Amino acid sequence: MKLLGRYVIFLGQMFTQREPFKVYVRLVIEECYKIGVGSVFIFVLVSTFMGAVTAVQTAYNLLSPFIPDYVISLVTRDMAILELAPTIMAIVFAGKVGSNLASELGTMRITEQIDAIEVMGINSTSYLVLPKVIASLIVYPLLVILAAGLMIYGGYIAGIFTEVITKEEYIYGLRADFLEFNVAFALIKAFVFAFLVSSISSFWGFYTQGGALEVGQASTKAVTTSCIAILTADYLLAQLLLT
Amino acid sequence: MIEFKNIKKQFNGKQILKGIDGTFEKGKVNQLIGASGTGKSVLLKCIVGLVTPDEGTVEFDGRDFYNSDRETRKGIRREIGMLFQGSALFDSKTVEENVRFPLDLLTKMSPEEKLEKVNFCLERVELENSNKKMPSELSGGMKKRVGIARAIVMNSKYLFCDEPNSGLDPMTSITIDNLIKEITDEFNTTTIVVTHDMNSVVEIGENIIYLFEGEKKWQGDKSNIMQADCKELEDFMMSSKLVREARAHWK
Ligand SMILES: Nc1ncnc2c1ncn2[C@@H]1O[C@H](COP(=O)(O)OP(=O)(O)OP(=O)(O)O)[C@@H](O)[C@H]1O
Ligand SMILES: [Mg+2]
């Protein structure tokens, strides 16, 4: 509970007493680059395989002559857009980017770099953390779109390769019963999760105390708390927006 | 001049600072000495506001730091330059970017003016031609010097140095001491140096405060520290052979 309070104060500090806008533009671009380039490889890898596995397993579960084959691609599409791309990839994002943010800020804290910024009369919370949060809000939704696309593509490759579905049927399934709202829902989730992962991880890093050991612990805590927050928020959003 | 009164601070129920009063004078090298773990760094951080004391006041030339609004505080902060115990250079930035950092954020100088200023400060600490090096490529002494350059780049009125010469060889250590002394005279700064190097105390100490277990035990200057009538300070100084000999000479 006390932690939650400190987290809220932390968020408050981030948005008040900012430096001039111009300062942030360059920082945000730098962070976008770091976050994007750092996580694109793992995203490509994980999402392609996940799409492939989803398609193959759906095919395996639907071994019935009464269900048309295009259901495979339909299911893969909806799974990818609704849950796999935004939520599961958010956990990957927490593992990659969250732990990185926490250890970066943690190291800056224990080597007094944060104090050095603070003593110059600069609000270190907003100078260091805000660009990371904004960059995550920009980059993560893009990564989610990329991941959803690759999952569907992965499913396509696997489906054709194992001959459970034909090209035409897969494409037909992709177009059947398409709800645009699902895409909007996925993007809302993406924004929420990006904010949670970046702010929670920064919080742990920012308040690290001690030495290198504690930096490691902060980065572990960043990943676990982010995951818990993602799953809780996922459930709440589903309740709120899908019912 | 910096005046602080009754500074108290405890961490996890342990009283680190037990009500310290003192003054740091303008245009002088003020020193804070004492054994490891007596709270020198904590006191320094209380004075610049990185650690909020439980009790006490700090005044920078008459401006109360803890009881003023955010703008005044920001103003005071911008007059402070600080060298940290571990240098605290930004390790993702080059030497030049490190020194330029306060200028980038706090001034509206043109790039040429900034570069000129940065080069001036780097020259001052005898590190010309190291602009493009990364902190990881520097030795401990060079890092400290870059830290000093960063601390003076804003023409700070108040210069805080936490152990500028710990972990350095005696030669470099003297160079840094002299540098701090010169900067103080040249820019008429209120300089505060934390140290446990007796050598630098007798070299440059003009207003010396001795801390012992969170209390101020003695205040004076290098001319009377040898005759100081304070048991704890005597013990502290006696650990240095140099001082033992000097003291024998005085008696
Ligand atoms: N953030 C903190 N939380 C808890 N205890 C702290 C904190 N900072 C300092 N202390 C404690 O305060 C005491 C004084 O520490 P300080 O760093 O001021 O010593 P010092 O006099 O600067 O020593 P040194 O010469 O070794 O740098 C130490 O016992 C330390 O454990
Ligand atoms: Mg110290």
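Described below are features of the structure shown in this document. (Residues numbered from 1 in each chain as written. Chains lettered and ligands numbered in written order. Predicted model: local features only at pLDDT ≥ 70, side-chain atom pairs only at ≥ 80, totals over all residues. Heavy atoms only, no water.)

Structural notes on the coordination of the magnesium ion (ligand 2)
Residues and elements named next belong to chain B.
For step 1, the next point in the chain: Protein-derived ligands of the magnesium ion (ligand 2) are S41 (OG) and Q85 (OE1), with the metal-ligand distances lying across 1.9 to 2.4 Å. In this pair, S41 is assigned in helix α1 (residues 40-48) and Q85 in the loop between β6 (80-83) and α3 (95-106), connecting sequence segments 44 residues apart.
For step 2, the next point in the chain: Overall, Q85 belongs to the partly exposed group, its relative accessible area being 32%. (Donors = N, O, S within 2.8 Å, 3.2 Å for Na, K, Ca; no water. Helix = DSSP H or I, 4+ residues; strand = E, 2+ residues; numbered from the N terminus. Buried < 20%, exposed > 50% of the residue type's maximum accessible area, 1.4 Å probe, protein only.)

Structural notes on the interface of chain B and chain A
For step 1, the next point in the chain: Across the contact, 22 residues belong to chain B and 16 residues belong to chain A.
For step 2, the next point in the chain: In total, chain B and chain A occlude about 1,800 Å² of area from one another, counting both sides; carbon and sulfur atoms represent 60% of this.
For step 3, the next point in the chain: Among the residues chain B hides against chain A, the three largest losses belong to R77, F90 and L105 of chain B. Together they make up 28% of the total.
For step 4, the next point in the chain: Linking chain B to chain A there are 3 salt bridges.
For step 5, the next point in the chain: Taking the shortest distance from any N to any O, the salt bridge between K45 of chain B and E112 of chain A comes out at 2.9 Å. (Contact = heavy atoms within 4.5 Å. Buried area = accessible area lost by both parts, 1.4 Å probe. Salt bridge = Lys/Arg side-chain N within 4 Å of Asp/Glu carboxyl O.)

Here's the deal with the site of ligand 1
Residue and element names in this part refer to chain B.
For step 1, the next point in the chain: Around ligand 1, the structure places 13 residues, and the nearest of them are S36, G37, K40, S41 and E163.
For step 2, the next point in the chain: G39 has a polar backbone atom sitting 3.1 Å from an oxygen atom of ligand 1.
For step 3, the next point in the chain: One nitrogen or oxygen atom from the side chain of S41 is found 2.7 Å from an oxygen atom belonging to ligand 1.
For step 4, the next point in the chain: Element by element, the count of residues in the shell around ligand 1 is highest for α1, at 3 residues.
For step 5, the next point in the chain: Each residue belonging to the shell around ligand 1 can be placed in one class, and the counts come to 4 nonpolar, 7 polar and 2 charged. (Near = heavy atom within 4 Å. Polar contact = N/O pair within 3.5 Å; in protein donor to acceptor, adjacent residues only side chain to side chain. Nonpolar A, V, L, I, M, F, W, Y, C, P; charged D, E, K, R; others polar.)

Remarks on the sheet that holds strand β2 (residues 14-24) of chain B
The pairing of strands in a sheet happens through backbone hydrogen bonds and is either parallel or antiparallel.
All names here are of chain B.
For step 1, the next point in the chain: If you walk across this open sheet you meet the 4 strands as β2-β1-β4-β5, and the pairing is antiparallel. Edge strands, defined here as strands with exactly one partner in the open sheet, are β2 and β5 (63-64).
For step 2, the next point in the chain: The sheet contact formed by strand β1 (residues 2-11) and strand β4 (residues 55-60) spans 5 bridges and is antiparallel. What sits directly across from K8, in β4, is E55.
For step 3, the next point in the chain: Contacts from α1 reach β1, β2 and β4 within the one sheet, and its direction differs from that of β1 by about 120 degrees. (Pairing = 2+ DSSP bridges. Axes fitted to C-alpha atoms, helices over the stretch in contact; angles between N-to-C directions.)

As for the side chain of K144 of chain B
All names here are of chain B.
For step 1, the next point in the chain: Here K144 shows up in helix α5 (residues 140-152).
For step 2, the next point in the chain: An unpaired buried charge is present at K144: no salt bridge exists, and E163, the closest side chain of opposite charge, is 6.4 Å distant.
For step 3, the next point in the chain: Each residue touching K144, except ones within four places of it in the same chain, is listed here: L83, Q85, S87, E163, P164, S166 and I176. (Lys, Arg positive; Asp, Glu negative; His and termini not counted.)

Observations regarding the packing of helix α3 (residues 70-110) of chain A against helix α6 (residues 167-175) of chain A
Residue and element names in this part refer to chain A.
For step 1, the next point in the chain: Between α3 and α6, whose axes approach to 7 Å, the crossing angle comes to 45 degrees. In terms of orientation, α3 and α6 fall into the oblique class. Considering how the two elements wind past one another, α3 and α6 form a crossing that is right-handed. Residue-level inspection shows Y70, S73, L74, T76 and R77 of α3 in contact with α6, the latter providing E169, Y170, Y172, G173, L174 and R175. (Parallel < 35°, antiparallel > 145°, perpendicular 65-115°, else oblique. Left-handed = near helix turned anticlockwise from the far one by under 90°.)

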